[in-house]
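# A closer look at the structure
For reference, the chains in residue letters:
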Amino acid sequence: FRRTFSLPRIVAERSQRIILRVTLIDTFCRVSLNQKELVTVDNGFILHEIPVPTEMINLGMDAENVLEFCFPPVMQYIKERQITHAYKEWNDPVGGASCIRKPQYSFGWDWAPRIPAIRLGHARFILVPTGRICDVDIQQEHIDQRKGKLSVKLQVVISLDLKPDLPASSIRVAASLSLKESTWSPNPEKVGDFLVTATDDIHESSSFPGFKRAIAKGEITVSNPKLWWPNGYGNQELYVLTIDMSQDESLIIDSVQRKIGLRTITLDQSVDEERGGSHFRLIVNKRPIFAKGANMIPQHSLLSRVTNADTKYLLKRCVAETGMNMIRVWGGGVYETDAFYNSCDKYGILVWQDFMFSCSLYPGDERFFENVQKEVRQQVLRLRHHACLALWCGNNELEQVHEQIVGDPSYKNAYERLFYEIIPKVVARCDGSRSYWPSSPHNPEGYEKGFNNPCAGDTHFWDVWHARKPVDAYLSHRTRFCSEFGMQSLASLEVAKTFAEESDLNLFGPVLESHQKNNAGNIIMLEYTTRLFRLPNSYEHLAYLTQLNQAICVRTGVEHFRRNMPYTMGALYWQLNDCWPGASWSSVEFNGRWKCLHYFARKFFSPILVSVVSLGQETVGLCNLVRSTVGKFVVHVVYDGTANDLSARLVWRVYDIRRSRDIDRGEQVITIKRDESRQVGALDYTDLVAQHGAQNLILRVQLRKYQFRAGESSNPVFSESTTWFASPRMYELPSGSISVVIVEKKSHAMVIELSSSCFQPFVCVDISEFGPAQVVRLEDNFFDLYPNEPKSVEITCVDRDISRLTASLRVYSLVDTYRTSPSDGKPRNLTRITSL
């Protein structure tokens, strides 16, 4: 990479230091100016500030300077390191990824291709006249006062780099605080101003050779503060702290802003006196939080193609508006951009932040340690002011190979020095307000005792998928916090067409196998899918079924973990997004389209959840005979909203698909307290199973509003659960048409009204041809449609062209996937209404 520039002589002469600031250099690179080397870098996770001697620059508007970034072949660097550090990676098919501080997923993962691309961030020259603000540390002290009032004292420590002959007394640092990012008021509310006084703590600057480092301190107290809460637990109030540095009370020579949320956050690992073991839960503003969310991987294999708009869509539309309150930034990817963490602050998304180590043992030499220490320090200082940041974690899954670690003294020494000494010391020194967790998963009783402790710490549960155990294995998994679990699905037809011709869309053909990076992944996926569903008649319907299977699987896990609240206090499924198109565990496809799982997530992450557990099982025995003990069910309700308690009507009914009618129903009024999960009912339908057959019955349970206002068209449903008495493949589903009415509304919206004369399970409304997911929003999808119960689905979009929507709209349900003559998905009896 080469760039030419000119620098006016007068500008350079007025600057005490010239710094080349590069936000990212990934990874091994030689940087030179005018054919003279400035520096060689070998860490793709840090920001570089490179001093530039004035004599290396050709000054003057007519003079030309050439800045060059030269990236030698990455494997050349790796092979040199492998001579002394030949560690085996779990995912890199070539080897050597652990030797270089570069995004580990770029060397290949079980969901990613091997593309170790080079990247160059924004590069600019900084001309420093007399000094600058180089760091701001903000500590909060929350003080409970009389009569339940609260105040927050902010203690601000500012690090200044000053030219050697500048008296610290001539520098004035002033700060102001305002509630600018309020959810309740569009106008800034100024809290106050305060002066920051310099101390006598002056020493040599580590970042600016020849400059001196001065420390300034100040504080301000906020009375009756507006607190920052995670999504779903309250508002996300953000204060803006502005710091101005001036010389002789006149010219401002530097200014810094920090958006901060006033809140307390702790990782509670206290002894659970009631249930035994130890808690593993985040407590925000004294309230335990059930972490609801997903693991996030890098958004692209070529990260330079990711925009801030992509990040906002993912976090606002796909995370916050789905009811999630936590994202785990996974350790095999990258430290995310400032725009990412700013959005998490804004939308109330807690961040579990891994350091960038995953699925490999790492070198134990001092050169590597020093490199990592610099990386960790820089990232902690960059991110520590963010309200969203909840937890620092050392690595991903290294302790799952604890036998390898403790089996070799050199491995053990390297591992423990890095993750139990170096990194935690840097975190404690640079950010004393958050907890450090050595690994995920981690056993707090000692990593050498094995991972996945059911009574303490966090767990990764992969018996479902990797061990191919049945989905109901989730029901026996006991955990304090499940930070990884999931199920794969195929890319939709829309996405698959971006890399394959329709003639290549065979699950075991070379094209689809090349876009499947997990060993035997397509076989495992098909096995799980056919446990529930019949074989489909096209790739489009196969993708639909795998996505249904994925959603049902993850829902089973999440609902189990939420039912176990407060013993279990977190469920982060794997994974949120994709970095390329193909088969994976994601709930959001590479193009931003929501899979079935993501629509389900809006429901199973809802603050109020009704969840049904079948006490029986369906098994296949000798001669392929299916045996079932299904007939008894228990009903649970979980609530973690904002009200102290909630009253609702629990309504249930058993539906016979042959007769298209209910054969039993009942209801009761329940009241549930905040942050409570409890069983509210038990149902026994063994007699109905004997009379009507399990393969004909559906149990439908709804939690409805207890009292609703006059004028409401119907009794609103808080949560709903549909439980099949047998695997869906055992049912002879009725075949009928789905009628669709399109209603135009104002404010960039249209409504699709669907109805059917028979039961239509898992109705898919496909509007992919109408517009991309980022600009066309579908309110609900993959829902059940019952006879005489029309369903309205809102489409939010800029383009309200009903004729174009009519032409592109496709609607189908489960029964369409195995019809002898595949339906084209076009809805029957389509009606156009131009206005409501």
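Below, the structure is looked at part by part. Since this is a predicted model, take the numbers as computed values, not measurements.

What follows covers the overall build of the protein. Broken down by element type, the protein carries 14 helices and 46 strands. Here the protein has a C-alpha radius of gyration of 29 Å; the compact-globule value for 836 residues is 28 Å, and the two agree. Expressed as a percentage of the 836 residues in the protein, the buried residues total 57%. Counting contacts in the protein only where the partners sit at least 6 residues apart, residues at least 24 apart contribute 70% of the total. For the protein, the accessible surface area stands at approximately 34,600 Å², while carbon and sulfur atoms represent 48% of it. A gap of 3 Å separates the mean positions of the 96 positive and 95 negative side-chain charges of the protein.

A separate point is the side chain of Glu-484. Tracing the sequence through the fold places Glu-484 in strand E28 (residues 482–484). Take Glu-484: its relative accessible area is 4%, and that puts it in the buried class. At 3.1 Å, the side chain of Glu-484 and the side chain of Trp-462 are in polar contact. Ignoring sequence-local partners within four residues, the contact set of Glu-484 consists of Asn-295, Arg-328, Trp-330, Asn-396, Glu-397, Thr-459, His-460, Phe-461, Trp-462, Leu-572 and Trp-574.

Our next topic: the nonpolar core. Trp-111, Leu-160, Phe-355, Ile-423, Phe-485, Phe-725 and Leu-754 are the most contacted members of the largest nonpolar core, which has 226 residues in total. In terms of residues, this core owes the most to one element, helix H11 (residues 539–563), which gives 12 residues. Not counting residues within four places of it along the chain, the set of residues in contact with Ile-423 comprises Phe-355, Phe-357, Val-372, Val-376, Leu-418 and Tyr-436. One finds Ile-25, Leu-38, Met-56 and Ile-57 within the second-largest nonpolar core, a separate group that totals 20 residues.

Another aspect to go through is the packing of aromatic side chains. For the structure shown, the criterion picks out 45 aromatic pairs. An angle of 70 degrees between the planes, with centres 5.2 Å apart, marks the rings of Phe-485 and Phe-561 as edge-to-face. Remark: Phe-561 occurs in helix H11 and Phe-485 occurs in the loop between E28 and helix H8 (493–496); sequence separation between them is 76 residues. Take Phe-485 and Phe-561: they sit in the same class, and that class is buried.

With that out of the way, let us pick up the sheet that holds strand E30 (residues 608–614). The strand order across the open sheet formed by three strands is E30-E33-E36, and the pairing between neighbours is antiparallel. Bordering the open sheet on either side are E30 and strand E36 (676–684), each of which pairs with just one other strand. Between one strand axis and the next, the sheet turns by 20 degrees as a mean value, whatever way the strands run. As defined by bridge partners, E30 adjoins strand E33 (residues 632–639) across seven bridges and the pair is classed as antiparallel. Each residue of the ladder has a partner; that of Ser-611, found in E33, is His-636. Across the face of the sheet, H11 comes into contact with E30, E33 and E36 while running at roughly 105 degrees to E30.

Residues of helix H4 (residues 338–347) that are buried: Phe-340, Tyr-341, Ser-343, Cys-344, Asp-345 and Tyr-347. Gly-348 lies just past H4 and shows a positive phi near 75 degrees.

Contact pair helix H5 (residues 366–383) / helix H7 (residues 409–430): the axes reach a minimum separation of 10 Å and the direction vectors enclose 30 degrees. As far as their axial angle goes, H7 and H5 are roughly parallel. Classified by chirality, the crossing of H7 by H5 is right-handed. Packed against H5, whose contacting residues are Glu-366, Phe-368, Phe-369, Val-372, Gln-373, Val-376, Arg-377, Val-380 and Leu-381, the element H7 presents Ala-414, Arg-417, Leu-418, Ile-422, Ile-423, Val-426, Val-427, Arg-429 and Cys-430 at the interface.

Take unusual backbone geometry next. The amide bond that connects Asp-26 to the next residue, Thr-27, takes the cis arrangement and shows omega of 0 degrees. For Thr-27, the position within the fold is in the loop between strand E3 (25–26) and strand E4 (29–33). For the peptide bond that leads from Met-565 to Pro-566, omega is 10 degrees, which places it in the cis range. Its identity is not glycine, yet Cys-359 carries a phi of approximately 50 degrees, on the positive side. For Cys-359, the location among the structural elements is in the loop between strand E24 (350–354) and H5.

Moving on to the sheet that holds strand E2 (residues 17–22). Within the open sheet, the three strands sit side by side as E6-E2-E11. Their pairing is antiparallel. Single-partner strands in this sheet number two, and they are strand E6 (48–51) and strand E11 (123–128). Each neighbouring strand pair of the sheet contributes to a mean axis angle of 25 degrees, computed without reference to strand direction. Where E2 lies against E11, six bridges are found, and the strand directions are antiparallel. Bridge pairing in E11 links Ile-19 to Ile-126.

Taken as a whole and assessed by the stated rule, the structure comprises zero disulfides. A disulfide-free cysteine, Cys-579 has its sulfur positioned 14 Å from the sulfur of Cys-359, the nearest such atom. Take Cys-579: its relative accessible area is 1%, and that puts it in the buried class.

Where helix H10 (residues 521–532) meets H11, the closest approach of the two axes is 9 Å, and the angle between their N-to-C directions is 80 degrees. Judged by the angle between their axes, H10 and H11 are roughly perpendicular. Two secondary-structure elements touch here, H10 through Met-525, Leu-526, Tyr-528, Thr-529 and Leu-532 and H11 through Leu-542, Leu-545, Thr-546, Asn-549 and Ile-552.

Analysis parameters
- Each chain carries its own residue numbering, running from 1 in the direction its sequence is written.
- In view of the model being predicted, local features appear only for residues whose pLDDT reaches at least 70, and side-chain atom pairs are presented and counted only at 80 or more, with totals across whole chains, interfaces and linings using the full set of residues.
- Side-chain numbers come from the whole structure's heavy atoms, not from hydrogens or water.
- By the criteria applied, helices consist of DSSP H or I runs no shorter than four residues and strands consist of E runs no shorter than two, each listed in order from the N terminus.
- Atoms considered for the radius of gyration are the C-alpha atoms alone. The globule rule reads 2.2 Å times the number of residues to the power 0.38.
- The rule is simple: take the accessible area with a 1.4 Å probe, protein chains only, and divide by the maximum for that residue type; under 20% is buried, over 50% is exposed, in between is partly exposed.
- Only heavy atoms enter the contact rule, under which two residues are in contact if any of them lie within 4.5 Å.
- Only the protein chains shown count as cover for residues, and the accessible areas themselves come from Shrake-Rupley with a 1.4 Å probe.
- We count Lys and Arg on the positive side and Asp and Glu on the negative side, and we leave His and both chain ends out.
- Lys charges are placed at NZ, Arg charges at CZ, Asp charges at CG and Glu charges at CD.
- The definition of a polar contact used here is a pair of N or O atoms within 3.5 Å, where within protein one atom must be able to donate a hydrogen and the other to accept one, and adjacent residues in sequence count solely through side-chain atom pairs.
- Among buried residues, the Ala, Val, Leu, Ile, Met, Phe, Trp, Tyr and Cys ones that are joined through side-chain atoms within 4.5 Å form a nonpolar core.
- In this analysis, rings of Phe, Tyr and Trp, with Trp reduced to its six-membered ring, are considered paired at centre separations within 6.5 Å, and the interplanar angle assigns stacked below 30 degrees, edge-to-face beyond 60, and tilted for intermediate values.
- When DSSP finds two or more bridges between two strands, those strands count as paired.
- Only the contacting stretch of a helix is used when fitting its axis, a line to C-alpha atoms as for every element, and angles between N-to-C directions run 0 to 180 degrees.
- For this classification, under 35 degrees means roughly parallel, over 145 means roughly antiparallel, 65 to 115 means roughly perpendicular, and everything else is oblique.
- The sense of a crossing depends on the near helix, which, turned anticlockwise from the far helix by less than a right angle, makes the crossing left-handed and, turned clockwise, makes it right-handed.
- Throughout, disulfides are identified as pairs of cysteine sulfur atoms within 2.5 Å of each other.

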